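These are the residues of each chain, in order.
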Amino acid sequence: MQDIHTIDLSAFIHDHTNITAFRLIDPNQANVRNAARGWTYAKITPGSVATVPDELVITTEQALFYDGVMILAKALRNSDVSDLHPVRVSCEDDLSWAQGRSLIDQIAQTELRGLSGRLKFDENRTRTDFHLDIVQILANGPQEVGTWNITHGALITWNYTEHVMRVAASIRNRTLRAITVIEEPYVMLKEDFLHRIGNDRYEGYAVELMDMIALEVGFNYTLEHKDMSHGIPDPKTQEWSGLIRELIDKRADLAVGGITISYNREQVVDFTKPFMHLGISILYRKPDKKPPDLFSFLHPLSPDVWMYMVTAYVAVSITIFVLARFSPYEWYNPHPCNEDGDVVENQFTICNSLWFTVGSLMQQGSDIAPRAVSTRVAAGCWWFFTLIMISSYTANLAAFLTVERMKLPIESAEDLSKQTEIKYGCYYGGATYNFFKDSKLPIYKRMWEFMSQDQANFVKTGKAGINRVKTEKYAYLMETPSLEYTIYRDCDLTQIGSLLDSKGFGIATPQNSPYRDEISKAILKLQESSELQVLKDRWWKEKNIKNGEKCEVSKPQDQASELGLANVGGVFVILLAGLALSFAVAILEFVWKARKSASNFREPVSTEMLRALRFAVRLHGSSKKPVVRPSQDTLEHPSNYEASNSTTVPLGKGKYLM
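Residues numbered from 1 in each chain as written. Predicted model: local features only at pLDDT ≥ 70, side-chain atom pairs only at ≥ 80, totals over all residues. Heavy atoms only, no water.

**Digging into the overall build of the protein**
Test applied: Each helix is a run of DSSP H or I of at least 4 residues and each strand a run of E of at least 2, with the numbering of both proceeding from the N terminus. For every residue, the accessible area obtained with a 1.4 Å probe (protein chains only) is divided by the maximum for its type, and the residue is called buried under 20%, exposed over 50%, and partly exposed between those limits. Surface accessibility in these figures is a Shrake-Rupley result with a 1.4 Å probe; residues are shielded only by whichever protein chains are displayed.
Helices and strands together make up the secondary structure of the protein, namely 22 helices and 24 strands. Classification of the 658 residues of the protein by burial places 41% in the buried group. Surface accessibility of the protein: about 37600 Å² in total, with carbon and sulfur atoms responsible for 55%.

Written out as structure tokens, the structure reads:
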């Protein structure tokens, strides 16, 4: 066992290893240093040339031996030395020194402040009332962080705030070793990198991010790319590879790039706060554009709605025709200047009724207008119906003309999992791979089973997956930052569906790295000032665009869909209710006019109603009726009039409508 102050711990300080130890003596105390200096001088032979080392080291064993001699000398001084008679004794026989016990008792009663602290013994002659220093290896070397004694136990006197300040101060002007892999758009080699040295060889999002963090925290860094992956564990040995292995072996201080924060990686390295949030989505090839449909103007409404509209048009036309024949107020004198005319007309023939309704439907109107309340109610409901239907059709037609409808074979992960024609996979061993492997959701488990059946579904690089999407019937499951970067530059590719999960990219460090917290603070500050978003927009939407033409990328959204009966069914209900109301009003008009005519002819109401009803149901009859005037004899004997004119109904004063 060695004393901590006698060991060279510089290598552990640099690697930030967590070492905590107990010590009995403090080598920096004056009495310890004086004792060490005295021993050094005592070793110098008089007349010889010798140097005294700057660092005087004394071990715990030496200090205890020194304290033992000193307390023995003090005990002897306190006792009557003349009474002591030393004898030769041996540990191999039973012979003992008779005065030895009294000397031990004298030592136990003696107290002394020695190199190892206060020397005091209890009734069992056991040393008591001493303390140990708790020492921890910090950035500036071994530091006392607390004490331990038999009464109170451990007492930590270390100030964490001061420690954080010391760590922050220690990182300033320090040069950290950062490693990465070449991966667009995070880290890329410049075109003339062979003529450059150091960090100037690289460009990319992660490079600029590191420059901003280094400027904010105040450190320097050297960046080196490795021809390896981010890191995956070996299925058998669980040994990590890639950048994660480099951090575990303390061959780097930081690993930067598109490194996903995951549970497995957090077990062996530490991560800063995420500088980018992301998820998994599907990259697929856009379908070929179809030629415009000749009858695309019919798409805004579903076939059912078109059928119901035609049915409603015919039904309303017939309804207005029937109402017009029933209602006596739709029969009018075609020659209003000749009040004694012999003929009245009805403008709503079957052809005119069809023309009136189609004119309203086309928003053009017609020269025919309803006269009776019943026909006006029916016409008003039809106009309301056409107003809603034409407005809905116009609005949805605009959406169909502005939104390019491309029929994709898959529209979500669920669609992908239900088919086998389109192959799909992900980057082998990456975070997406582990997500599907460990997922408990039925859809993702089904997708994993399909992918794992054939190892050809997985790819070794992201570019290989993108090329397979462009050349095969293959969907590539990848993280959204790389997906967005790809579809901004390749207009033949698109994103399918929404995100399957949520996670983040972070900067990896060895476990217990003192730099992690300072870098995390810098990332949070850059996020709050929107500098990270500006940096992403520059590298995703502006940098490395071929021919300067950026593909238009929109968020996944629902395309315009045709209106079904569920969308406009309420308008049909209002139309039916209006037609029912118009029939009720027509019946009231019919009964009211029949009562009035019966009163003029002095005959029963039922007879007059039956006469008018017989004429109204003659749908094949003429739209004109002759008008006759009853004689005085007819007024006095209405039965004679009924026998000779069975189809007349009264119209106005003294006029009768056939």
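**Digging into the packing of aromatic side chains**
The test is simple: To pair, rings of Phe, Tyr and Trp, with the six-membered ring standing in for Trp, must have centres within 6.5 Å; the planes then decide the type, stacked if under 30 degrees apart, edge-to-face if over 60, and tilted in the middle. The criterion for a charge sitting over a ring is simple: Lys NZ or Arg CZ within 6 Å of the ring centre, and within 35 degrees of the ring normal.
By the definition in use, this model includes 21 aromatic pairs. Ring geometry for Tyr-205 against Trp-540: centres 5.5 Å apart, planes inclined by 90°, an arrangement best described as edge-to-face. On the criterion of sequence distance, the pair formed by Tyr-205 in helix H6 (residues 205–217) and Trp-540 in helix H18 (residues 531–542) is long-range, its members being 335 residues apart. In this structure, Tyr-205 and Trp-540 share a single accessibility class: buried. Pairing Tyr-428 with Tyr-433 gives two aromatic rings, centres 4.9 Å apart and planes at 65°, and the pair type is edge-to-face. Residue Tyr-428 is classed as partly exposed on the basis of its relative accessible area, which comes to 30%. Taken together, the aromatic side chains of Tyr-186, Tyr-205, Phe-275, Tyr-485, Phe-505 and Trp-540 make up a single cluster linked through ring pairs. The ring of Tyr-284 carries Arg-285 above its face, with NZ or CZ at 5.8 Å from the centroid.

**Quick look at a nonpolar patch on the surface**
Here is the rule we go by: Here, patches come from residues exposed beyond 30% relative accessible area and free of salt bridges, joined within 9 Å for like charges and within 5 Å for nonpolar side chains (Val, Leu, Ile, Met, Phe, Trp, Tyr). The term salt bridge refers to a side-chain nitrogen of Lys or Arg lying within 4 Å of a carboxyl oxygen of Asp or Glu.
The grouping of Val-310, Val-314, Ile-318 and Ile-350 at the surface amounts to a nonpolar patch, some 310 Å² of accessible area in total. With three residues, the top contributor of residues to the nonpolar patch is helix H9 (residues 303–326). Exposure remark for Ile-318: the relative accessible area of 42% places this residue in the partly exposed category.

**A word on the packing of helix H16 (residues 480–487) against H18**
Just so we agree on the cut-off: For helices, the fitted line uses only the C-alpha atoms of the stretch in contact; every axis is such a line through C-alpha atoms, and the angle between N-to-C directions lies from 0 to 180 degrees. With respect to orientation, any angle under 35 degrees is reported as roughly parallel, any angle over 145 as roughly antiparallel, any angle of 65 to 115 as roughly perpendicular, and every other angle as oblique. Should any heavy atoms of two residues lie within 4.5 Å, those residues are considered in contact. Amino acids are sorted into nonpolar (Ala, Val, Leu, Ile, Met, Phe, Trp, Tyr, Cys and Pro), charged (Asp, Glu, Lys and Arg) and polar (every other residue, Gly among them).
Running from amino to carboxyl end, H16 crosses H18 at an angle of 40°, the nearest separation of the two axes being 8 Å. Taken together, the axes of H16 and H18 lie oblique to each other. Between H16 and H18, the contacting residues are Pro-481, Glu-484 and Tyr-485 on the first element and Lys-536, Trp-539 and Trp-540 on the second. Residue composition of the contact of H16 with H18, grouped by class: four nonpolar, no polar and two charged.

**Points about the environment of Glu-411**
By the secondary structure assignment, Glu-411 is in the loop between helix H11 (373–402) and helix H12 (413–417). Note: C-alpha distance between Glu-411 and Ser-498 (87 residues apart in sequence) is 9.3 Å.

**As for the environment of Gly-570**
Tracing the chain through its elements places Gly-570 in helix H19 (residues 565–601). For the pair Gly-570 and Phe-385, spaced 185 residues apart in sequence, the C-alpha to C-alpha distance is 9.7 Å.

**Considering the side chain of Thr-180**
Turning to its location among the elements, Thr-180 is positioned in strand S7 (residues 175–180). Residue classification places Thr-180 among the buried positions, given a relative accessible area of 0%. Aside from chain neighbours lying at most four places away, what touches Thr-180 is Val-187, Leu-223, Glu-224, His-225, Lys-226, Leu-243, Val-256 and Gly-257.

**Things to note about the pattern of salt bridges**
Applying the stated criterion across every chain yields a total of 28 salt bridges. Here Asp-200 and Lys-190 are joined by a salt bridge, their closest N and O atoms 3.1 Å apart. With Asp-200 in the loop between strand S8 (188–189) and strand S9 (202–203) and Lys-190 in the loop between S8 and S9, this residue pair connects regions lying ten residues apart in the sequence. Given a relative accessible area of 36%, Asp-200 falls into the partly exposed group. The partner of Glu-472 in a salt bridge is Arg-468, with the nearest N and O atoms 3.4 Å apart.

**Some thoughts on the nonpolar core**
Within soluble globular proteins, side chains that are nonpolar tend to cluster in buried spots. For clarity, the cut-off: Note on terminology: a nonpolar core comprises buried Ala, Val, Leu, Ile, Met, Phe, Trp, Tyr and Cys residues joined through side-chain atoms within 4.5 Å.
Of all hydrophobic cores here, the largest spans 36 residues; its most connected members are Tyr-205, Ile-213, Phe-219, Phe-275 and Ile-507. Breaking this core down by element, the ones donating at least two residues are S7, H6, strand S10 (220–225), strand S13 (276–278), helix H17 (516–528) and H18. Here the element with the most residues in this core is H6; it accounts for nine residues. Apart from residues lying up to four places away in sequence, Phe-219 is in contact with Ile-171, Asn-173, Arg-174, Leu-176, Met-210, Ile-213, Ala-214 and Ile-519.

**Concerning the packing of H9 against helix H10 (residues 350–361)**
Selection criterion: Less than a right angle of anticlockwise turn of the near helix away from the far helix marks a crossing as left-handed, whereas a clockwise turn marks it as right-handed.
Their axes nearest at 8 Å, the elements H9 and H10 cross at an angle of 130°. What the angle tells us is that H9 and H10 run oblique. Crossing of H9 over H10 shows right-handed handedness. Contacts between H9 and H10 involve Met-309, Tyr-313, Val-316, Ser-317, Ile-318, Ile-320 and Phe-321 on the former and, on the latter, Ile-350, Ser-353, Leu-354, Phe-356, Thr-357, Val-358 and Leu-361.

**Considerations on the sheet that holds strand S18 (residues 474–479)**
Selection criterion: DSSP-based pairing: two strands are paired if at least 2 bridges between them are found.
Read across the sheet, four strands follow the order S17-S18-S14-S19 without closing on themselves; strand pairing throughout is mixed. Edge positions in the open sheet fall to strand S17 (423–425) and strand S19 (493–496), since each of these has one partner strand only. Shown here is a sheet whose adjacent strand axes are inclined to one another by a mean of 30°, direction ignored. For strand S14 (residues 280–285) and S19, the ladder comprises four bridges, and the chain directions are antiparallel.

**As for helix H14 (residues 442–452)**
For clarity, the threshold we go by: What the arc covers is the set of directions going from the helix axis to the C-beta atoms.
Within H14 the residues assigned to the buried category are Tyr-444, Met-447, Trp-448, Phe-450 and Met-451. One side of H14 holds all its buried residues, which, seen down the axis, span an arc of 165°. Buried residues in H14 make contact with H12, S17, helix H13 (431–438) and S18.

**A closer look at the confidence of the model for the protein**
A low pLDDT means the predicted coordinates there should not be read in detail. Our working definition: Each residue carries a pLDDT score, the predictor's own confidence in it, on a scale running from 0 to 100.
The predicted model of the protein averages 79 in pLDDT, with 77% of residues at 70 or higher. Confidence over residues 631–636 falls short of pLDDT 50; this stretch has six contacts with residues more than four positions distant or in other chains. Throughout residues 638–658 the model reports pLDDT below 50, and contacts reaching past four residues in sequence, or to other chains, amount to 69 contacts.

**Here's the deal with unusual backbone geometry**
Residue Pro-185 is bonded to the preceding Glu-184 through a cis peptide linkage, with omega at -10°. Tracing the sequence through the fold places Pro-185 in the loop between S7 and S8. A positive phi angle, near 60°, is found at Arg-125, a position not held by glycine. For Arg-125, the location among the structural elements is in the loop between strand S3 (117–119) and strand S4 (131–138). A relative accessible area of 38% places Arg-125 in the partly exposed class. Here Ser-530, not a glycine, exhibits a phi torsion of approximately 65°, which is positive.

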